[in-house]
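The residues making up each chain are set out below.
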Amino acid sequence: MKRILLLCSSGLLLAAMAGCSSPKANTAPLSQSAKPTGTSATLNFTNQLNPELLRPSDAPFTLGPGDRVEIELLGTPTSRAVTTVGPDGKLYFYLLPGLDVWGLTLKEMRELLQSGLAKYVSEPQVAVTLREVASKHVWLLGRLNQPGVYAMPAPMSLLEAIALAGGTAISSGQVNLQELADLRHSFVMRQGQFVPVDFHRLLREGDTSQNIYLQPDDFVYVPSALSQQIYVLGAVRYPRSVPYSDGMTLVSALANASGATTLDWFTVGSYGVQPDAYLSHVAIVRGSLSEPKMIVADYGAIIKGRAQDVTLEPGDIIYVPNTPYSTLKRYLNTIVNTFVTTLAANEGSAAGGGDTVGVAVPLGR
């Protein structure tokens with residue numbers, strides 16, 4: 001369970017190093033390689049899935065620690081035994097010393113057993129049956145009816161995984177059924193990177209073009225639709241989620257995330273952010289993670305009264321960079337990956353019992 005947390009922590013660290021709309025706001029369209037020239041600029045993105053993600057892996061199952069296999073030396077009924085691959089990847093059977101089977105297929109393991117047993121038995125024939133998988137998992141957390149960490153003995157699609165976890169949660173009230181899952185901010189994370197699945201299209205519109213096949217250690221997270229939060233990340237004093245309130249603006253949200261600070265914002269003009277923050281390109285990511293809208297605002301101009309503040313909406317992600325970006329698309333990818341790895345680190349740590357030392361920040365649940 002710690003492996004996914006290490007991936008989350010690594011992804012978050014890399015994102016941090018890389019990062020190193022109000023109708024009244026002055027906005028203008030941008031190309032994906034342009035940089036804003038005014039006070040704020042808005043751009044819509046559509047992330048495309050790689051078609052290869054829609055195909056199940058043809059790689060055979062390989063053994064790992066915790067997997068249980070039944071082994072029998074044919075012709076010797078008393079030899080049948082169920083044994084477990086140890087934490088060191090070794091397996092013990094009959095008179096053989098520990099065999100290193102980590103990463104081997106069942107066929108390769110059977111051949112290894114037969115080769116070893118040939119020292120004791122003439123032309124041994126071995127039968128091998130996989131009884132339990134414990135080395136390969138997918139993480140299905142958040143507003144699902146049965147969230148948890150599930151074994152993955154065979155190729156599994158995202159729809160199959162969500163069904164395994166009982167589907168998304170819905171509250172049953174006397175008046176109506178209320179959707180508890182925030183599909184706009186639901187995500188799949190793979191090896192510390194965001195996979196741009198549109199959960200709304202998949203689960204509400206039945207669009208199977210979003211039904212990717214999962215891989216071991218994939219992290220699927222469905223946040224709560226009842227949470228009214230603004231997420232503040234990047235070069236701020238205390239990255240965190242802050243409760244949304246009507247009329248909340250960019251300045252007030254960053255002030256909420258500042259905590260105690262020694263900065264005199266009237267002089268330095270950077271209240272709520274770190275001294276090395278790149279204030280002219282503060283971003284607000286809004287809407288679905290698969291089709292986000294990004295607003296890039298000049299925060300320095302706003303707090304000095306030379307530009308209008310930006311009114312926020314529930315679920316907005318604010319990101320303060322500490323270096324300029326080369327393209328808007330790359331900047332957006334940095335923000336989304338930071339958001340995804342941060343939430344995954346928090347939720348994964350909670351699911352794993354909180355016994356892992358990580359770099360999660362308190363984004364709320």
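Okay, so let's go over this structure. (Residues numbered from 1 in each chain as written. Predicted model: local features only at pLDDT ≥ 70, side-chain atom pairs only at ≥ 80, totals over all residues. Heavy atoms only, no water.)

### Side note on the overall build of the chain
Working step 1: For the chain, the count of helices and strands is eight helices and 20 strands.
Working step 2: Surface summary for the chain: the accessible area is close to 17300 Å², and the carbon and sulfur share equals 52%. (Helix = DSSP H or I, 4+ residues; strand = E, 2+ residues; numbered from the N terminus. Areas by Shrake-Rupley, 256 points an atom, 1.4 Å probe, with all protein chains shown as cover.)

### Regarding the sheet that holds strand β15 (residues 219–222)
Working step 1: Across the sheet, five strands lie side by side as β8-β7-β15-β12-β13; this open sheet has mixed pairing. In this open sheet, the two strands that pair with only one neighbour each are β8 (148–151) and β13 (193–195). Direction aside, the axes of adjacent strands within the sheet are offset by 25° on average.
Working step 2: When strand β7 (residues 137–142) meets β15, the two strands line up parallel, connected through four bridges. From the neighbouring strand, Gly-142 faces β15, where its bridge partner is Val-222. (Pairing = 2+ DSSP bridges. Axes fitted to C-alpha atoms, helices over the stretch in contact; angles between N-to-C directions.)

### Here we look at the pairing of strand β12 (residues 187–190)
Working step 1: Taking every second residue as pointing to the same face, both faces of β12 are buried, with Phe-187 and Met-189 on one and Val-188 and Arg-190 on the other.
Working step 2: Alignment of β12 against β15, held across three bridges, turns out to be antiparallel. Residue pairing across strands places Phe-187 opposite Tyr-221, the latter belonging to β15. (Buried < 20%, exposed > 50% of the residue type's maximum accessible area, 1.4 Å probe, protein only.)

### Here we look at the sheet that holds strand β3 (residues 81–84)
Working step 1: Ordered by their spatial adjacency, three strands build an open sheet running β3-β2-β6, and the pairing between neighbours is antiparallel. Bordering the open sheet on either side are β3 and β6 (126–132), each of which pairs with just one other strand. Strand-to-strand twist of the sheet, defined as the mean angle between neighbouring strand axes without regard to direction, takes the value 30°.
Working step 2: Note that strand β2 (residues 68–73) and β3 share four bridges and pair antiparallel. Its bridge partner being in β3, Val-69 is matched across the sheet by Thr-83.
Working step 3: Against the sheet, helix α2 (residues 106–117) touches β2 and β6, its axis set at about 135° to β6. (Contact = heavy atoms within 4.5 Å.)

### Brief notes about the packing of aromatic side chains
Geometry of an aromatic ring pair is reported as the spacing of the ring centres plus the angle between the planes.
Working step 1: Taken as a whole and judged by the stated rule, the model has seven aromatic pairs.
Working step 2: Taking the centre distance of 6.0 Å and the plane angle of 20° together, the rings of Trp-139 and Phe-219 count as stacked. Placement of Trp-139 in strand β7 and of Phe-219 in strand β15 is noted, with a sequence separation of 80 residues between them.
Working step 3: Relative accessible area serves as the criterion here: at 0%, Phe-219 is assigned to the buried category.
Working step 4: On the numbers, 5.0 Å between centres and 75° between planes, the contact of Tyr-231 with Phe-339 is edge-to-face. Taken together, the residues Tyr-231 in strand β16 (residues 229–234) and Phe-339 in helix α8 (residues 328–351) connect sequence positions 108 residues apart. With respect to burial, Tyr-231 and Phe-339 carry one shared label: buried.
Working step 5: Aromatic rings pair up to connect Trp-139, Phe-187, Phe-219 and Tyr-221 into one cluster.
Working step 6: The ring of Phe-61 is capped by Lys-136, whose NZ or CZ atom sits 4.7 Å from the centre of that ring. (Phe/Tyr/Trp six-rings, centres within 6.5 Å; stacked < 30°, edge-to-face > 60°. Lys NZ or Arg CZ within 6 Å of the ring centre and 35° of its normal.)

### A look at the nonpolar core
Working step 1: Phe-187, Phe-219, Met-294, Ile-317, Ile-335 and Phe-339 are the most contacted members of the largest nonpolar core, which has 28 residues in total.
Working step 2: Elements supplying a minimum of two residues to this core: β7, β12, β15, β16, β18 (282–286), β19 (293–297), β20 (317–320) and α8.
Working step 3: At nine residues, the largest contribution of residues to this core is made by α8.
Working step 4: Among the nonpolar cores identified, the runner-up in size contains 26 residues, and Ala-257, Leu-279, Tyr-299 and Ala-301 belong to it. (Core = buried A, V, L, I, M, F, W, Y, C linked by side-chain atoms within 4.5 Å.)

### Some remarks on α2
Working step 1: Between its first and last C-alpha atoms α2 spans 16 Å; for 12 residues at 1.5 Å apiece the expected length is 16 Å, and the two agree.
Working step 2: Residues of α2 that are buried include every one of Met-109, Leu-113, Gln-114, Gly-116 and Leu-117, and no others. Each buried residue of α2 lies within a common arc of 165° when the element is viewed along its axis, so the set occupies one face.
Working step 3: Elements that come into contact with the buried residues of α2 comprise β2, β4 (90–91), β5 (99–100) and β6. (Expected span 1.5 Å × (residues − 1). Arc of directions from axis to C-beta.)

### Let's talk about the environment of Pro-321
Working step 1: For Pro-321, the location among the structural elements is in the loop between β20 and α8.
Working step 2: On the basis of relative accessibility, which here comes to 0%, the residue Pro-321 falls in the buried class.
Working step 3: When the C-alpha positions of Pro-321 and Val-236 are compared, they lie 8.9 Å apart, and in sequence the two are 85 residues distant.

### Focus on the pattern of salt bridges
Working step 1: The tally for this structure, following the rule as stated, stands at nine salt bridges.
Working step 2: For Glu-313, the salt bridge is made with Arg-286, and the minimal N-O distance between the two is 3.5 Å. Taken together, the positions of Glu-313 in the loop between α7 (299–303) and β20 and Arg-286 in strand β18 put the pair 27 residues apart, joining distant regions of the chain.
Working step 3: Residue Glu-313 is classed as partly exposed on the basis of its relative accessible area, which comes to 35%.
Working step 4: Among the ionic contacts, a cluster of salt bridges with common partners joins Arg-286, Glu-313 and Asp-316. (Salt bridge = Lys/Arg side-chain N within 4 Å of Asp/Glu carboxyl O.)

### A closer look at the side chain of Arg-286
Working step 1: You can call Arg-286 buried: its relative accessible area is 5%.
Working step 2: A distance of 3.2 Å separates the side chain of Arg-286 from the backbone oxygen of Thr-311, its partner in a polar contact. (Polar contact = N/O pair within 3.5 Å; in protein donor to acceptor, adjacent residues only side chain to side chain.)

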